[in-house]
Amino acid sequence: ELKVEQNPLFLSMQEGKNYTIYCNYSTTSDRLYWYRQDPGKSLESLFVLLSNGAVKQEGRLMASLDTKARLSTLHITAAVHDLSATYFCAVPPTGTASKLTFGTGTRLQVTL
Amino acid sequence: DAGVTQSPTHLIKTRGQQVTLRCSPKSGHDTVSWYQQALGQGPQFIFQYYEEEERQRGNFPDRFSGHQFPNYSSELNVNALLLGDSALYLCASSLGQGGGTDTQYFGPGTRLTVL
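A brief structural summary. Model, not experiment: these values are computed from the prediction.

Our focus in this paragraph is the overall build of chain B. A tally of regular secondary structure across chain B gives zero helices and eleven strands. N-terminal to C-terminal, the α/β element order of chain B is β-β-β-β-β-β-β-β-β-β-β. Against the globule reference of 13 Å for 115 residues, chain B gives a C-alpha radius of gyration of 13 Å, in line with a compact fold. Judged by the C-alpha coordinates and their principal axes, chain B covers about 40 × 25 × 25 Å. Scored against the burial criterion, the 115 residues of chain B give a buried share of 48%. In chain B, once contacts between residues fewer than 6 apart in sequence are set aside, the share between residues at least 24 apart is 54%.

This next bit is on the interface of chain A and chain B. It is common to give the size of an interface as the accessible area that goes away when the parts come together. Every contact between the two is made by 20 residues of chain A and, on the other side, 22 residues of chain B. Buried surface at the junction of chain A and chain B, summed over both partners, amounts to about 1,600 Å²; 52% is from carbon and sulfur atoms. Linking chain A with chain B are zero salt bridges, by the criterion used here. Within the residue set of the side of chain A that touches chain B, elements represented by two or more residues are β4 (32-37) and β5 (43-49) of chain A. Broken down by class, the residue content of the side of chain A that touches chain B amounts to nine nonpolar, eight polar and three charged.

Residues and elements named next belong to chain A. Here the largest pocket defines a volume of roughly 580 Å³. Here the lining of the largest pocket is built from residues that sort into eight nonpolar, nine polar and five charged. Elements represented by at least two residues in the lining of the second largest pocket include exactly β9 (85-91) and β11 (106-111). In terms of residue count, the dominant contributor to the lining of the second largest pocket is β11 (four residues).

For the rest of this paragraph, the subject is the state of the cysteines. Note on terminology: disulfide describes a covalent bond linking the sulfur atoms of two cysteines. Residue and element names in this part refer to chain A. Applying the stated criterion across every chain yields a total of two disulfides over all chains. The side chain of cysteine 23 participates in a disulfide bridge whose partner is cysteine 89; the two sulfur atoms lie 2.1 Å from each other. One quick way to see it: the torsion about the S-S bond of cysteine 23 and cysteine 89 is about 85 degrees, and its sign makes the bridge right-handed. A residue pair is termed long-range when its members are at least 10 positions apart, and cysteine 23 in strand β3 (residues 19-25) and cysteine 89 in strand β9 qualify at 66 residues.

Residues and elements named next belong to chain A. Spatially, β1-β3-β8-β7-β6 is the arrangement adopted by the five strands of the open sheet, whose pairing is antiparallel. Both edges of this open sheet fall to β1 (4-7) and β6 (55-58), since each of them pairs with a single strand only. Neighbour to neighbour, the strand axes of the sheet diverge by 15 degrees on average, direction disregarded.

Before going further, it helps to spend a moment on the pattern of salt bridges. Residues and elements named next belong to chain B. All chains considered together, the criterion is met by six salt bridges over all chains. Across the pair arginine 57 and glutamate 54 runs a salt bridge, and its minimum N-O distance is 3.0 Å. In this structure, the salt-bridge partner of arginine 63 is aspartate 85, at a minimum N-O distance of 2.8 Å. A residue pair is termed long-range when its members are at least 10 positions apart, and arginine 63 in the loop between β6 (53-57) and β7 (64-68) and aspartate 85 in the loop between β8 (74-78) and β9 (87-94) qualify at 22 residues.

Taken as a whole, this structure holds nine aromatic pairs over all chains when the rule is applied. Between A:Phe102 and B:Tyr35 the ring centres are 5.7 Å apart and the planes differ by 85 degrees, which places this aromatic pair in the edge-to-face class. Residue A:Phe102 is located in strand β10 (residues 101-102), and its partner B:Tyr35 is located in strand β4 (residues 31-37); the two belong to separate chains. The buried category is assigned to B:Tyr35, whose relative accessible area is 0%.

Cut-offs used in this document
Residues numbered from 1 in each chain as written. Chains lettered and ligands numbered in written order. Predicted model: local features only at pLDDT ≥ 70, side-chain atom pairs only at ≥ 80, totals over all residues. Heavy atoms only, no water. Helix = DSSP H or I, 4+ residues; strand = E, 2+ residues; numbered from the N terminus. Rg over C-alpha atoms; globule rule 2.2 N^0.38 Å. Buried < 20%, exposed > 50% of the residue type's maximum accessible area, 1.4 Å probe, protein only. Contact = heavy atoms within 4.5 Å. Buried area = accessible area lost by both parts, 1.4 Å probe. Salt bridge = Lys/Arg side-chain N within 4 Å of Asp/Glu carboxyl O. Nonpolar A, V, L, I, M, F, W, Y, C, P; charged D, E, K, R; others polar. 1 Å grid on protein atoms, 1.4 Å probe; cavity = no way out; pocket = protein on both sides within 12 Å on 5 of 7 lines; lining within 4 Å. Points joined across faces, edges and corners; volume = space filled by probe spheres on them. Disulfide = S-S within 2.5 Å. Pairing = 2+ DSSP bridges. Axes fitted to C-alpha atoms, helices over the stretch in contact; angles between N-to-C directions. Phe/Tyr/Trp six-rings, centres within 6.5 Å; stacked < 30°, edge-to-face > 60°.

Put into C-alpha cells, the structure is as follows:
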C-alpha cells in the first residue's frame, strides 16, 4: 500500500525567510504532484514532477523530485503572506496519473 | 473555458439517508475521479470513471457508488449515510484514464454534513 508522509505538518514562518517542506513516499512511482489548498477551498495544482531529478519553479516556490530516494521537496524562498495555505503532495501508482495518494498536508502560516 | 463544477455546494443529511453529488468535468476532459476529504486530512481516492465505467476504486465500501454519463459528467451516490461520511467531496477531471501526464483538476467540492 502506497503511503505518503509530509513534514512538517505545521510551519509558521516569518515573511522573507526560506524553508523547505518534505514529502516521502513508500513505493515506487514515476511522478509526483504538488497542490495548494486555501481554507474552505478546493485544490489548486502547483507542480507536476515527471522524472528523477525534475525541478520546477514558479515564483517563490521550487519543487524537486528524487525518485530513487522517494523524496520530493517544496522550497519556499523569501516567503510572503499570500503563500499561507496548506500544501499537499500526491503520488499515483507507477504508470498512471490517477488514483492519487495524498500526503497529510503541511499547513503554512506566514507572519509579518 | 469552464473548469470543473460541482453541485450542490453544501448539503445536510441525517444518518441512514442517501445522497447524490454531481460533477461536470473541465472542457475537453473525459475522466472523472472522486475524493473524500475529512476535516484536517488529505483527500482520499474513492473511485474513477472513464468511458462510463468504474475503472479504479479506493478502499471505500459498496455504499459508495457512482455513474458517468455520455457527456462525461458524473454522479457520486452514498447510501445509508453515517456520521463519518461528513466530509468535503472533491471531483477531479483529467484527460485519459491513466499513463498520461495530465494533472487532475479539482472542482470546488461539496461539503456534506451528516447529522
